[in-house]
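Spelled out from the first residue to the last, the chains are:
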Amino acid sequence: MNKEELLKIISKEGLRIPELNKNPKDLINVFGYYFDNGWIVYETDDRATVYRSSVFDTEEKALFELLDLLREQHYIDSV
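The notes below deal with the structure included here. (Residues numbered from 1 in each chain as written. Predicted model: local features only at pLDDT ≥ 70, side-chain atom pairs only at ≥ 80, totals over all residues. Heavy atoms only, no water.)

With that settled, consider the side chain of Q73. Of note, Q73 is situated in helix α2 (residues 59-78). Residue Q73 is classed as buried on the basis of its relative accessible area of 15%. Once residues lying within four places of it in the same chain are set aside, the contact partners of Q73 are R16, F31 and E43. (Helix = DSSP H or I, 4+ residues; strand = E, 2+ residues; numbered from the N terminus. Buried < 20%, exposed > 50% of the residue type's maximum accessible area, 1.4 Å probe, protein only. Contact = heavy atoms within 4.5 Å.)

Here it is in structure tokens:
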């Protein structure tokens, strides 16, 4: 999967738009990923603190993880 495919899935499923290739510094309540000696997928809280993150060796694996987080959050928001 690449970024374009991810964005198509997000649009089709009505998921939250993540931050792509952006460090989470000062970002509040977001999901995203960026590269820093590995692909890092993260979620921040209402104080801009990263409280969930994972590191992957390929961008493709990171995008699949990001999609899983977005789907999980979409389900939580719908309940």
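Checked against the element boundaries, D68 lands in helix α2. Take D68: its relative accessible area is 45%, and that puts it in the partly exposed class. A sequence separation of 12 residues divides D68 from F56, and the C-alpha atoms of the two residues are 14 Å apart.

On to a nonpolar patch on the surface, then. On the surface, Y75, I76 and V79 cluster together into a nonpolar patch covering about 370 Å² of accessible area. Tracing the chain through its elements places V79 in the segment after α2. What makes V79 exposed here is its relative accessible area of 76%. (Patch = residues over 30% accessible without salt bridge, like charges linked within 9 Å, V, L, I, M, F, W, Y side chains within 5 Å. Areas by Shrake-Rupley, 256 points an atom, 1.4 Å probe, with all protein chains shown as cover. Salt bridge = Lys/Arg side-chain N within 4 Å of Asp/Glu carboxyl O.)

As a further point, take the nonpolar core. Most often, soluble globular proteins keep nonpolar side chains buried together rather than apart. Core analysis: the biggest nonpolar cluster contains 15 residues, and L6, Y33, V41, A62, L66 and L70 have the highest contact counts within it. Only α1 (3-13), β2 (31-35), β3 (39-44) and α2 provide two or more residues apiece to this core. It is α2 that provides the largest number of residues to this core, a total of 6 residues. Non-local contacts of A62, meaning those with residues more than four positions away in its chain, are made with Y33, W39, V41 and F56. (Core = buried A, V, L, I, M, F, W, Y, C linked by side-chain atoms within 4.5 Å.)

This model, assessed by the stated rule, comprises 3 aromatic pairs. Here the aromatic cluster, defined as three or more aromatic residues joined through ring pairs, consists of Y33, F35 and W39. (Phe/Tyr/Trp six-rings, centres within 6.5 Å; stacked < 30°, edge-to-face > 60°.)

What is shown is where atoms sit, not what they do.
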